[in-house]
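Below are the chains, spelled out letter by letter.
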Amino acid sequence: MTTLLTFRDNIKTFLSRYDYIATPVFKFLLALLVFVSLNRQFGYMPVLGNGLLLVLLSFICAFLPIEIITGIGAVMIVLQSMQVSLDVGLTSIAFILIFYCGYMRFATKTGIIVFLVPLCYISHLVYALPVLLGFLVGPAAIVPAIFGMILYHYENSLADLVKVLAASAEDEEMIQGFQYIMSELLGDKLMMLAFIVFACVILVTYVVYRASFEHSWIVSFLVGGFLNVVLFLVGSVTLSIEVEIIQILLGSLTGFLIAVCLQFVKGIVDYQKTELLQFEDDEYYYYVKAIPKLSVSESNKNVKHINSKTHN
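Residues numbered from 1 in each chain as written. Predicted model: local features only at pLDDT ≥ 70, side-chain atom pairs only at ≥ 80, totals over all residues. Heavy atoms only, no water.

## Some thoughts on the overall build of the chain
Note the threshold: Where helices and strands are cited, they refer to DSSP runs of H or I of at least four residues and of E of at least two residues respectively, numbered from the N terminus. Each radius of gyration is computed over the set of C-alpha atoms, and the globule rule expresses the reference value as 2.2 Å times the number of residues to the power 0.38. We call two residues contacting when some pair of their heavy atoms lies within 4.5 Å. Method for areas: the Shrake-Rupley scheme with a 1.4 Å probe, in which residue coverage is limited to the protein chains shown.
Within the chain, the regular secondary structure consists of 12 helices and two strands. Walking the chain from its N terminus toward its C terminus, one meets helices and strands in the order α-α-α-α-α-α-α-α-α-α-α-α-β-β. Here the C-alpha atoms of the chain give a radius of gyration of 25 Å, more than 25% beyond the 20 Å that 2.2 N^0.38 yields for 312 residues. Pairs at least 24 residues apart make up 71% of the contacts formed inside the chain by residues separated by at least 6 positions. Within the structure as shown, the chain displays about 18800 Å² of accessible surface, and the carbon and sulfur contribution to it stands at 66%.

Next comes the structure, spelled out in structure tokens:
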């Protein structure tokens, strides 16, 4: 344990010392990952898939606030959707305006979650997200997580629409893109179930994680992962839909393990050194429970090497 704590503290010290380099690098990689993912999922406007353009945009985002990544990603979605049809492009604008007016104006930094959800779908880690978002972000993550799921299913519906439009062009039948997209989204029972499960798991994980009893952090991860599995199973039976139970189990387990690792980096407390403090002012008595975090403080030691010489 001491070795792990020392390694963790050294990494945190290194990152804090070179934050002016680490933060831009992180933003660059995040922006590049988001932009490449968007163009691979949509891919209807070839010019936006130019590698040099994506690297340039990511480099610019590296030195700007993180919400700029969300803004550029939104513009890419609109341009890609416009290539399919005008009404589909207007549909994407409507979704983006609803998200901006209802959420981004008040919580700008967490809007990037919208683009992380489709990435987790692609990497089969989406069922690990509720627990992670619950303790890292809290209830504020519910709205962007829901819109992220809408974005993922919107991408799939748009890909199906392109195939339908190609077939209808041969049959000379007009297909309304807006109606097709909306019918696909509103008819997706699994997506609606995911909305409810994600919201419940995020809230429960956050509440238990913030509780004051000992080891509440690991209890919150266990409860959140268990609730994630149970709600999907109950929902699948109630709504008569098929769910990939193995993927849900593996995702929940992965979320638990990642959460434990992140909590270790964030800091684990030493309950054996808990202190109960009491003080007062003119109006109140205060009772404080103080629990120190586990850490290793390396002492600076000066070692002197003395070479003894034998004189003949």
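## A short note on the pairing of strand 1 (residues 275-280)
Here is the rule we go by: Summary of the burial criterion: residues with accessible area below 20% of their type's maximum are buried, those above 50% are exposed, and those between are partly exposed, where the area comes from a 1.4 Å probe applied to protein chains only. What makes two strands pair is DSSP finding at least two bridges between them.
Buried residues are scarce in strand 1, accounting for zero of its six residues. As defined by bridge partners, strand 1 adjoins strand 2 (residues 285-290) across six bridges and the pair is classed as antiparallel. Bridging from a neighbouring strand, L276 pairs with K289 of strand 2. Counted along the chain from strand 1 to the antiparallel partner strand 2, the turn is four residues long.

## Examining the packing of helix 4 (residues 67-84) against helix 5 (residues 86-104)
In helix packing, the relevant descriptors are the interaxial angle and the interaxial distance, both defined with respect to the helix axes. Operational definition: Angular values range over 0 to 180 degrees, each being the angle between N-to-C directions of two axes fitted as lines to C-alpha atoms, with helices fitted over their stretch in contact. Just so you know how the angles are binned, under 35 degrees is roughly parallel, over 145 roughly antiparallel, 65 to 115 roughly perpendicular, and the rest oblique. Handedness of a crossing follows from how the near helix is turned relative to the far one, being left-handed for an anticlockwise turn of less than a right angle and right-handed for a clockwise one. Ten residues, namely Ala, Val, Leu, Ile, Met, Phe, Trp, Tyr, Cys and Pro, are considered nonpolar, four, namely Asp, Glu, Lys and Arg, are considered charged, and the remaining ones, Gly among them, are considered polar.
The contact between helix 4 and helix 5 brings their axes to 6 Å, and the two run at 160 degrees. Our classification of the angle between helix 4 and helix 5 gives roughly antiparallel. Once helix 4 is placed against helix 5, the crossing between them reads as right-handed. Here E67, T70, A74, I77, V78, S81, M82 and V84 of helix 4 lie close against helix 5, whose contacting residues are L86, V88, G89, L90, S92, I93, I96 and M104. Residue classes in the contact of helix 4 with helix 5 are distributed as 11 nonpolar, four polar and one charged.

## Some remarks on the side chain of D188
Quick note on the threshold: Charge counting treats Lys and Arg as positive and Asp and Glu as negative, with His and both chain ends excluded. Any Lys or Arg side-chain nitrogen found within 4 Å of a carboxyl oxygen on Asp or Glu counts as a salt bridge.
For D188, the position within the fold is in the loop between helix 9 (177-186) and helix 10 (189-209). There is no salt bridge for the buried D188, and the closest opposite charge comes from K189, which lies 9.8 Å off by N-O distance.

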